[in-house]
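A closer look at the structure
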Amino acid sequence: YREPLLAACYELQSRLYNILQLKFADKYITNNMAGKRDSAIESTLYVFAQFFGWSEIIRREVQYLRFSRDEQTREIGRLLRDVTETFLADKYGPQFMLWRVEQRGLGERMIVSSDSKMTCLGYASFAEKRSFMQEWLGPLKDDLENVQDGGRMRLTELQHLLLDLVTRLDDKQKRYPFELKSA
């Protein structure tokens, strides 16, 4: 489960970096540059949901989250917990706030079984089943359409934590050998 969790962390932190530093939401969601609004929203909601899916799988299958050192396992667990806590913290205001049960609910809806193993929905399957996740995705979509200061602060903290997770999960930089940027 290390590789898919690493990929989910990388994809979400990358999108958050794009929102925070490259004005992704302003360009593609607010101003609909190149007619990409729907795709920008759907793909952003997908990387959020995918992260929650893999987080829920890890929570259920925690015995598989073992690395060569117990210290590394504890550090990954701490960072995942910090991400969860950042999503639910009210100090940033209501934007992008998801309580623990909402995070888990969204994650549960993303899980499918394949060859008797749990995995996450792919993007096309997510698009087909998105309506079953609307209660959690709707508020995220609304937040993406008008990112405010509290939302920016939460997303910045999340991007930093996810970047730290990517660095810890890919500690030898085999998967992502290039420099990763902090928002």
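For the structure, see preceding data.
What you see is a predicted model; the values in this text were computed from it and never measured. Position labels on residues start from 1 in each chain and follow its written sequence. For this predicted model, a pLDDT threshold of at least 70 governs which residues receive local features, and a threshold of 80 or more governs which side-chain atom pairs are given and counted, while totals over whole chains, interfaces and linings are taken from all residues. Note that the side-chain values use all heavy atoms of the structure and ignore hydrogens as well as water.

1. Examining the overall build of the protein chain
Looking only at helices and strands, the protein chain features 8 helices and 2 strands. Only DSSP runs of H or I covering at least 4 residues are called helices, and only runs of E covering at least 2 are called strands; the numbering of each starts at the N terminus. Going from the N terminus to the C terminus, the protein chain shows its helices and strands as α-α-α-α-α-β-β-α-α-α. In this description the radius of gyration comes from C-alpha coordinates, and the expected globular size is given by 2.2 Å times residues to the power 0.38. What you see for the protein chain is a C-alpha radius of gyration of 16 Å, in line with the 16 Å of a compact globule of 183 residues. On the principal axes, the C-alpha backbone points of the protein chain span a range of 45 × 35 × 30 Å. Relative accessible area decides the class of each residue, using a 1.4 Å probe on protein chains only: under 20% of the type maximum gives buried, over 50% gives exposed, and in between gives partly exposed. Considering the protein chain as a whole, with its 183 residues, one finds that 45% of them fall into the buried category. Only heavy atoms enter the contact rule, under which two residues are in contact if any of them lie within 4.5 Å. Intrachain contacts of the protein chain at a sequence separation of at least 6 include 75% that bridge at least 24 residues. Summed over its atoms, the accessible surface of the protein chain is roughly 9,600 Å², and 47% of this surface lies on carbon and sulfur atoms. Calculation of accessible area relied on Shrake-Rupley with a 1.4 Å probe; when residues are assessed, cover is drawn exclusively from the protein chains displayed.

2. Here's the deal with the packing of helix H1 (residues 2-21) against helix H8 (residues 149-169)
Two elements in contact, H1 and H8, have axes separated by 8 Å at closest approach and are oriented at 145°. Helix-helix and strand crossings are classified by hand; for H1 and H8 the assignment is left-handed. Contact residues: Arg2, Leu5, Leu6, Cys9, Tyr10, Leu12, Gln13, Leu16, Tyr17, Ile19 and Leu20 in H1; Arg152, Leu155, Thr156, Leu158, Gln159, Leu162, Leu163, Leu165, Val166, Arg168 and Leu169 in H8. Amino acids are sorted into nonpolar (Ala, Val, Leu, Ile, Met, Phe, Trp, Tyr, Cys and Pro), charged (Asp, Glu, Lys and Arg) and polar (every other residue, Gly among them). Class assignment for the residues of the contact of H1 with H8 results in 16 nonpolar, 3 polar and 3 charged. Axes here mean lines fitted to C-alpha atoms, for a helix over just the part in contact, with angles spanning 0 to 180 degrees between N-to-C directions. Note on convention: near helix rotated counterclockwise from far helix by under a right angle means a left-handed crossing. Clockwise means right-handed.

3. Quick look at the pattern of salt bridges
Any carboxyl oxygen of Asp or Glu that lies within 4 Å of a side-chain nitrogen of Lys or Arg is treated as forming a salt bridge with it. This model, assessed by the stated rule, comprises 13 salt bridges. A salt bridge links Arg130 to Glu42, with the nearest nitrogen and oxygen atoms 3.3 Å apart. Taken as a pair, Arg130 in the loop between helix H6 (123-129) and helix H7 (134-145) and Glu42 in helix H3 (residues 37-60) lie far apart in primary sequence, 88 residues in all. Judged by relative accessible area, Arg130 falls into the buried class, the value being 14%. A relative accessible area of 18% means that Glu42 is categorised as buried. Between Glu75 and Arg168 there is a salt bridge, with the nearest N and O atoms lying 3.4 Å from each other. Linking Glu75 in helix H4 (residues 70-88) with Arg168 in helix H8, this pair joins segments that are 93 residues apart in sequence. A relative accessible area of 32% means that Arg168 is categorised as partly exposed.

4. Quick look at the pairing of strand S1 (residues 111-114)
The pairing criterion for strands is at least two bridges between them, as found by DSSP. As judged from the 4 bridges shared by S1 and strand S2 (residues 117-120), these two strands associate in the antiparallel manner. Across the sheet, residue Ser113 finds its bridge partner in S2, namely Met118. Following S1, the chain reverses through 2 residues before pairing antiparallel with S2; Asp115 in that reversal takes a positive phi of roughly 50°.

5. Considering the packing of aromatic side chains
Paired rings are identified among Phe, Tyr and Trp, the last through its six-membered ring, by centres lying within 6.5 Å, and are further divided according to the angle between planes into stacked (under 30 degrees), edge-to-face (over 60) and tilted (the rest). Per the counting criterion, the structure on display carries 10 aromatic pairs. For the pair Tyr10 and Phe178, a centre-to-centre distance of 6.2 Å together with 70° between the ring planes defines the contact as edge-to-face. Pair noted here: Tyr10 is in helix H1 and Phe178 is in the segment after H8, with a separation of 168 residues, a long-range link. For Phe178, a relative accessible area of 40% translates into the label partly exposed. Residues Tyr176 and Phe178 carry aromatic rings whose centres are separated by 6.1 Å and whose planes lie at 75° to one another, so their mutual orientation is edge-to-face. Through a chain of ring-to-ring contacts, three or more aromatic side chains come together here, namely Phe48, Phe51, Phe52, Phe87 and Phe96.

6. Thoughts on the environment of Asp170
By the element assignment, Asp170 lies in the segment after H8. The buried category is assigned to Asp170, whose relative accessible area is 8%. At 2.8 Å, the side chain of Asp170 forms a polar contact with the backbone nitrogen of Tyr176. Pairing of N or O atoms within 3.5 Å defines a polar contact, subject to two protein rules: one partner must be a possible hydrogen donor and the other a possible acceptor, and residues neighboring in sequence count only if both atoms are side-chain atoms.

7. Topic: the side chain of Asp170
Under the counting rule used here, the positive set is Lys and Arg, the negative set is Asp and Glu, and His together with the chain ends is not counted. In this structure, Asp170 is buried with no salt-bridge partner, the nearest side chain bearing the opposite charge being Arg2 at 6.8 Å. Those residues in contact with Asp170 that lie beyond four places of it in its chain are Leu6, Arg175 and Tyr176.

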